[in-house]
Amino acid sequence: MPVQRHVGAFYFNPPLRVDWRQNPPGSAAYLIPLLARLRKILGTRREKDYCALALERNPTSAPFLPSSTNPTDHMKRFSIVSLLLLFAALSAPACSDDSAGSGDTNSPDITADAQIEVDAGADAGDVAEDVLSEDGVSADAAPADVAEVEEDPYEGLRDSALKSALRQTNRRHRDLGYGPARDFMFEYDMANVGAVGQIECVYTGRKAFVEGRLDAQNQNPMYNTEHTWPQSRGASGVARSDLHHLFITDGAANGKRGSVSFGNVVNASWSEGGSKLGSDSSGHKRFEPRDVHKGNVARAIFYFAVTYNHQVARDEEATLRAWHVQDPVDDAERARNDAIEGIQRSRNFFIDRPDLVDSISNF
Ligand SMILES: [Ca+2]
């Protein structure tokens, strides 16, 4: 159940809740009950005066005479009340209907007073409802919960049709050139990964503070650039400097990977930071990146295969699909995708839509 908040609630007698935030002094909900009470006081005093006067004039008259029988006193009293109610109406134009209704009173009897208080009570009830809505949990807040449904541009597309549609999204791709692309990659890491000025090998996790790409390449041990899709297998030309598959690596780890296909290593001949080189369960030579980079590798390879129309070997593809699920897209990967789009005008669509991997049966 929603919790009602009543900050600065003001209580009248009879109990009447007025929320100061919703009804500041001068508003109708604030003034109407006050005026009703003022009118009662005025009415009571003048009632007594009139009774005294009537008795003075005619000691034999009844001790109580209804004030409505004296038109002069009646008009005086209501001219004051009407002025006060008019002031209330002008002070709160949004509630002017209530004020006018209260002011439109021709009889000073207790029934009219009660009616005014009922109206004011209704206002207080509205206030409570408004407060409830402010909490965002009342029925009135329901429309905010309705999510906008975006149309899926890839709805119903599979395999070659989907690959074609995905390639189209990157038709504005800009080739930065190999040097500037790598400069950007190192600078991005220095600004966004770990401490400022620090870079990290995606395979081993080895970190170092550098002053830029050239400084990183001159370190000992040195860093260089990993082509997730090896240059020797087709990452040439525009693809050579496509940042979506380039990553910073420790030079030695990069050398171990070489152009070896990815796979799960069961017999490692080399291992560092969780990455391994060795043979898989079938005895084939494979490179296995550490867990946090497995999904990144899978999505980079899938992106590359679709973008540059290359084929992924069957067994490698099966492993990459598993890694894609095992290491899902995270904020860091999304942020890097955004940054690359900012300079290269293309995105890795599988980072944006990991689900689309399942709509392609063969990379
Ligand atoms: Ca990852």
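Right, let's walk through the structure included here.

Cut-off values and rules
- Residues numbered from 1 in each chain as written.
- Predicted model: local features only at pLDDT ≥ 70, side-chain atom pairs only at ≥ 80, totals over all residues.
- Helix = DSSP H or I, 4+ residues; strand = E, 2+ residues; numbered from the N terminus.
- Buried ≥ 20, exposed ≤ 12 C-beta atoms within 10 Å, placed from the backbone.
- Contact = placed C-beta atoms within 7 Å.
- Pairing = 2+ DSSP bridges.
- Axes fitted to C-alpha atoms, helices over the stretch in contact; angles between N-to-C directions.
- Expected span 1.5 Å × (residues − 1).
- Arc of directions from axis to C-beta.

## A look at the overall build of the protein chain
- Scanning the protein chain from N- to C-terminus turns up 12 helices and 9 strands.
- Across the 363 residues that make up the protein chain, the buried fraction comes to 32%.
- By sequence separation, contacts in the protein chain at least 24 residues apart represent 61% of the contacts at least 6 residues apart.

## Quick look at the sheet that holds strand S9 (residues 285-288)
- One open sheet holds the 3 strands; their spatial order is S7-S8-S9, and the pairing between them is antiparallel. Lying at the two open borders of the sheet, with one neighbouring strand each, are strand S7 (267-272) and S9. Adjacent strand axes in the sheet meet at a mean angle of 15° when their direction is disregarded.
- Pairing between S7 and strand S8 (residues 275-279): 5 bridges, direction antiparallel. Within S8, the position partnered with Ala268 by the bridge is Gly278.

## What about helix H10 (residues 314-326)?
- Compared with the 18 Å implied by 1.5 Å per residue over 13 residues, the 19 Å span of H10 between its first and last C-alpha is a close match.
- Of all the residues in H10, the buried ones are Thr319, Leu320, Trp323 and His324. The arc that holds every buried residue of H10, seen down its axis, measures 145°, which confines them to one face. Across from the buried face of H10, at angles greater than 90 degrees, the exposed residues are Arg314 and Ala318.
- Turning to H10, the residues buried within the fold contact helix H9 (291-307).

## Observations concerning helix H6 (residues 178-192)
- Look at H6: 21 Å from first C-alpha to last across 15 residues, which is about the 21 Å you get at 1.5 Å a residue.
- Within H6 the residues assigned to the buried category are Arg182, Phe184, Met185, Phe186, Asp189 and Met190.

## Considerations on unusual backbone geometry
- With omega at 0°, the peptide bond leading from Asn220 into Pro221 counts as cis.
- Positionally, Pro221 belongs in the loop between helix H7 (213-217) and strand S5 (223-227).
- Its identity as a non-glycine residue notwithstanding, Asp159 has a phi of 45°, on the positive side.
- Despite not being glycine, Arg345 has its phi angle at roughly 60°, a positive value.
- Mapping Arg345 onto the fold places it in the loop between helix H11 (331-344) and helix H12 (349-352).

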